[in-house]
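Residue strings, one per chain:
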Amino acid sequence: MLVKNIYQSSTHEWLMFGRDPDKPEKIIDTNQYLIKTANKAILLDPGGIELFPIMLASVVRQVPISQVTHLFASHQDPDIISSLGLWDQTLEGAQLYAPWLWESFIRHFGMDSIEYVSIPDPGLTLDLEGVALEFIPAHYLHASGNYHVYDAQAKILMSGDVGAAMEPVGVPFEVSDFDSHAKYMETFHRRWMPSNRAKDDWIERVSTLDIDMMCPQHGRVFIGDDVKRFLEWFSKLEVGTGIPS
Amino acid sequence: MLIKFLRHPADSCFMSTNKNYFVIAALVAADLHAAMAVAQGISLTASNARALALRAGQGAAGFRAITDSIEELATATVSSSRLINEHASAFSQTSADMARAETALARFDWAYESAHDSPYLSSLDGAYRRTQMKHRRLQNVFKQQVRALCSKLEELASELRTATVLAAMSRVEASQAGAQFEGPLNLVAQNVADAAAEIQRLVRSSQQRFTYLA
């Protein structure tokens, strides 16, 4: 699995994990993110059960496992958090921040020792050794209880399934040509995102944030002006197309 | 090497014979749940037998005495099978927990090998040991539960042997109850024999499944 340091400051770092060459063919490629401060770390959307061993191996290359004190699940999907039962046997005294709506569902993945911290509908802010991480609502994008992570200091938005692209394996981490990239996002957003109203509400909220990097859970990272391009593209896209009109 | 140091040789001896032990545990639990339902049927048969024997009057006096034994057998069988069923459910849960711990250990092993050059690899040792200890504890619980369950199954099988005797005695008494009641009373005897045979079949099936775990 490839690892890329996407942000580094005196207070914390963002690491991106993905493009696993050993991933079984029919499993969707996912991006996992680790934010580490001096003594703590949070794994964002730690991934599916099939991915666990390679993620574990990748994480211990970066931090001692005892430093992973928090997990975050944007929603309940298996590619997001089905590895929970194994992280539960790995991490002592860790907390999982996840939507209140999905607690009784996510617990089906197995959770004895990790503490579930419910994120309420309006979201909340986690203070990770002085770094403020905002869990901002992204409900219905695509799950009915859904959050993204905004780091105002790093100007990074981890945008879950928003901005995801279905591309061939092994593509670069960053978007280099937005227009040619858009075709890989279109079907996914039209079908997976169910609500234009939810989409517009999210765009309005996110447009007020200062974002240098938008990091989805599948596909490539949007940098600089491509973030704005994405918001414009998304605002024009009709979503919820699963039912023929 | 770290993995060899951490791995306990006893870890693999018990479960390696059958990787599907948690499926076997679930099948045993299902068999014994079915046995409990059949045992409850004996109880109903006993009530019917009592009512029938009363209606048959003096001619079925001998049969009436046997209905007490059928009821005793039904009560004992329902009680035993309920207890066994509880044991089987707990045993099935233990096996599922054990499978999860085994899965975690296998994934940890993979990570150890894959990240052998990691500076923080030893930070996994605590989690590995904890899971290993949990796995061993579950193995011990599992073994105790298998033993207890085998013993209870043997007791139940022994109780059910009396059902064959009761069915034979019932047939003899039924033949003396007069033409009107002989048929229905024989049916009671047959029901007891059939239920006992079915429970014995399920018990034998469970015992057979346990041999795969040995």
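Since this is a predicted model, take the numbers as computed values, not measurements. All residue numbers refer to position in the chain's written sequence, counted from 1. Each chain gets a letter, beginning with A, and each ligand a number, beginning with 1, in the order they are written. Only residues with pLDDT of 70 or above have their local features reported here, since the model is predicted, and side-chain atom pairs are shown and tallied only from 80 upward, although totals for entire chains, interfaces and linings are computed over all residues. Side-chain numbers come from the whole structure's heavy atoms, not from hydrogens or water.

Asker: Help me understand the overall build of chain B in this model?
Answerer: Secondary structure summary: chain B contains six helices and zero strands in total. Taken over C-alpha atoms, the radius of gyration is set against a globule rule of 2.2 Å times the number of residues to the power 0.38. Expected size for 214 residues packed as a compact globule is a radius of gyration near 17 Å; at 25 Å, chain B overshoots this value by more than 25%. Counting only C-alpha atoms and orienting by the principal axes, one finds that chain B spans roughly 90 × 20 × 20 Å. Residue burial is assigned from relative accessible area. The probe radius is 1.4 Å, only protein chains are included, and a residue is buried under 20% of its type maximum, exposed over 50%, and partly exposed in between. Counting the 214 residues in chain B, one finds 43% classified as buried. We call two residues in contact whenever any of their non-hydrogen atoms come within 4.5 Å of each other. Within chain B, contacts between residues separated by at least 24 positions form 84% of all contacts whose residues are at least 6 apart in sequence. As presented, chain B carries roughly 10,400 Å² of accessible surface, and 56% of it is formed by carbon and sulfur atoms. The convention is simple: Lys and Arg are positive, Asp and Glu are negative, and His and the chain ends are not counted. Throughout, a charge is located at the NZ atom of Lys, the CZ atom of Arg, the CG atom of Asp or the CD atom of Glu. When the 22 basic and 19 acidic side-chain charges of chain B are each reduced to a single mean position, those positions are 5 Å apart. By definition, any uninterrupted DSSP run of H or I lasting at least four residues is a helix, any uninterrupted run of E lasting at least two residues is a strand, and each is numbered from the N terminus. Here the open area of atoms and residues is found with the Shrake-Rupley method and a 1.4 Å probe, where only the protein chains shown may cover a residue.

Asker: Would you mind going over the environment of Pro120(A) with me for this structure?
Answerer: All names here are of chain A. Within the fold, Pro120 resides in the loop between β7 (115-119) and β8 (124-128). Measuring from C-alpha to C-alpha, the distance between Pro120 and Ile136 comes to 9.9 Å, with 16 residues separating the pair along the chain. Aside from chain neighbours lying at most four places away, what touches Pro120 is Trp100 and Tyr147.

Asker: Looking at this model, I keep getting lost on unusual backbone geometry. Mind explaining?
Answerer: For residues besides glycine, phi is generally negative; the peptide bonds are generally trans as well. All names here are of chain A. Of note, the amide linkage connecting Leu141 to His142 takes the cis form, showing an omega dihedral of 0°. Looking at the element boundaries, His142 is found in the loop between β9 (131-137) and β10 (147-151). The backbone of Lys155 shows a phi angle near 60°, a positive value even though the residue is not glycine. One can find Lys155 in the loop between β10 and β11 (156-160).

Asker: Could you clarify how one ought to interpret the sheet that holds strand β1 (residues 2-8) of chain A in this entry?
Answerer: Strands pair in a sheet through their backbones, by hydrogen bonds, and they do so in one of two ways: parallel or antiparallel. Residue and element names in this part refer to chain A. Pairing is mixed in the open sheet, where seven strands are placed in the order β1-β2-β3-β4-β5-β6-β7. Unpaired on one side and paired on the other, β1 and β7 mark the two borders of the sheet. Taking each pair of neighbouring strands and ignoring which way they run, the sheet shows an average axis angle of 20°. Strands are treated as partners if at least two bridges between them are detected by DSSP. Bridging between strand β4 (residues 41-44) and strand β5 (residues 68-72) involves four bridges; their strand directions are parallel. Opposite Ala41, over in β5, you have Val68 as the bridge partner. Packing of helix α1 (residues 52-60) onto the sheet brings it into contact with β2 (13-18), β3 (32-36), β4 and β5, and relative to β2 it is tilted by some 150°. Helix axes are fitted only over the stretch in contact, all axes being lines through C-alpha atoms; the angle between N-to-C directions runs from 0 to 180 degrees.

Asker: Which parts of the structure should I look at to understand helix α6 (residues 196-207) of chain A?
Answerer: Think of an α-helix as turning once every 3.6 residues; residues three or four places apart then point the same way. All names here are of chain A. Here α6 spans 16 Å end to end across 12 residues, near enough to the 16 Å set by a 1.5 Å rise per residue. Within α6 the residues assigned to the buried category are Ala198, Lys199, Trp202, Ile203 and Val206. Looking straight down α6, one finds that the buried residues subtend no more than 135° of arc, so they occupy a single side. What points out from α6, more than 90 degrees from its buried face, is the exposed set Arg197 and Glu204. Buried positions along α6 lie against β9, β10, β11, β12 (213-216) and α7 (225-236). Two N or O atoms form a polar contact when they lie within 3.5 Å of each other; inside protein one atom must be a possible hydrogen donor and the other a possible acceptor, and for residues adjacent in sequence the pair counts only when both atoms belong to side chains. N-capping of α6 is provided by Ser195, with a side-chain oxygen placed 3.3 Å from the backbone N of Arg197. Helices are assigned an expected span. That span is 1.5 Å times one less than the residue count. In this description, one arc is meant: the one made by directions from the helix axis to the C-beta atoms.

Asker: Please explain the sheet that holds β11(A) as it appears in this structure.
Answerer: Across the sheet, which stays open at both edges, the six strands sit in the order β8-β9-β10-β11-β12-β13 (chain A) with mixed pairing between neighbours. Every other strand in the sheet has two partners, leaving β8 and β13 (222-223) of chain A as the edge strands with one partner each.

Asker: Any chance you could explain the interface of chain B and chain A here in plain terms?
Answerer: The extent of an interface is frequently quoted as the accessible surface area lost upon association of the parts. Counting residues at the interface gives 21 residues for chain B, matched by 22 residues for chain A. Here the quantity called buried area is the accessible surface, traced with a 1.4 Å probe, that two parts lose on coming together, added over both. Both sides together, the interface formed by chain B and chain A hides about 1,800 Å², and carbon and sulfur atoms give 58% of it. Taken as a group, Arg100(B), Arg107(B) and Tyr120(B) account for 33% of the area that chain B buries against chain A, more than any other trio of residues on that side. Salt bridges are defined by distance alone: a side-chain nitrogen of Lys or Arg within 4 Å of a carboxyl oxygen of Asp or Glu. Counting across the chain B and chain A interface gives two salt bridges. Across the contact surface, chain B and chain A share five residue pairs in polar contact (both at pLDDT 80 or more). Those elements that place two or more of their residues in the side of chain B that touches chain A are α4 (61-114) and α5 (125-174) of chain B.

Asker: I keep staring at the packing of aromatic side chains and nothing clicks. Help me out?
Answerer: Note on aromatic pairs: each is described by the distance of the centres and the angle between the planes. Residues and elements named next belong to chain A. Note on aromatic contacts: the rings of Phe and Tyr and the six-membered ring of Trp form a pair at centre separations within 6.5 Å, being stacked when their planes are under 30 degrees apart, edge-to-face when over 60 apart, and tilted otherwise. All chains considered together, the criterion is met by 16 aromatic pairs over all chains. Ring geometry for Phe52 against Trp87: centres 4.9 Å apart, planes inclined by 80°, an arrangement best described as edge-to-face. Remark: Trp87 occurs in helix α3 (residues 84-90) and Phe52 occurs in helix α1; sequence separation between them is 35 residues. Here the two residues Phe52 and Trp87 agree in accessibility, since each one is buried. Arranged with centres 5.2 Å apart and planes meeting at 50°, the rings of Phe222 and Phe230 form a pair that is tilted. Each of the two residues, Phe222 as well as Phe230, counts as buried. Through pairs of rings, three or more aromatic residues link up here, namely Phe178, Trp202, Phe222, Phe230, Trp233 and Phe234. Between the NZ or CZ atom of Lys199 and the centre of the ring of Phe234, over which it lies, the distance is 5.9 Å. Placement of a charge over a ring requires the Lys NZ or Arg CZ to be within 6 Å of the ring centre, with the centre-to-atom vector within 35 degrees of the ring normal.

Asker: Would you take a moment to explain the pairing of β3(A) for this structure?
Answerer: Within a regular strand, side chains alternate between the sheet's two faces. All names here are of chain A. β3 sits mainly inside the fold: five of its five residues count as buried. Side chains Gln32, Leu34 and Lys36 project from β3 onto one buried face, and the interleaved Tyr33 and Ile35 project onto a second face that is buried too. With five bridges joining them, β2 and β3 adopt antiparallel strand pairing. Residue pairing across strands places Leu15 opposite Leu34, the latter belonging to β3. Strand direction decides the pairing type here: β3 and β4, joined by four bridges, are antiparallel. Across the sheet, Tyr33 pairs through a bridge with Leu44, a residue of β4.

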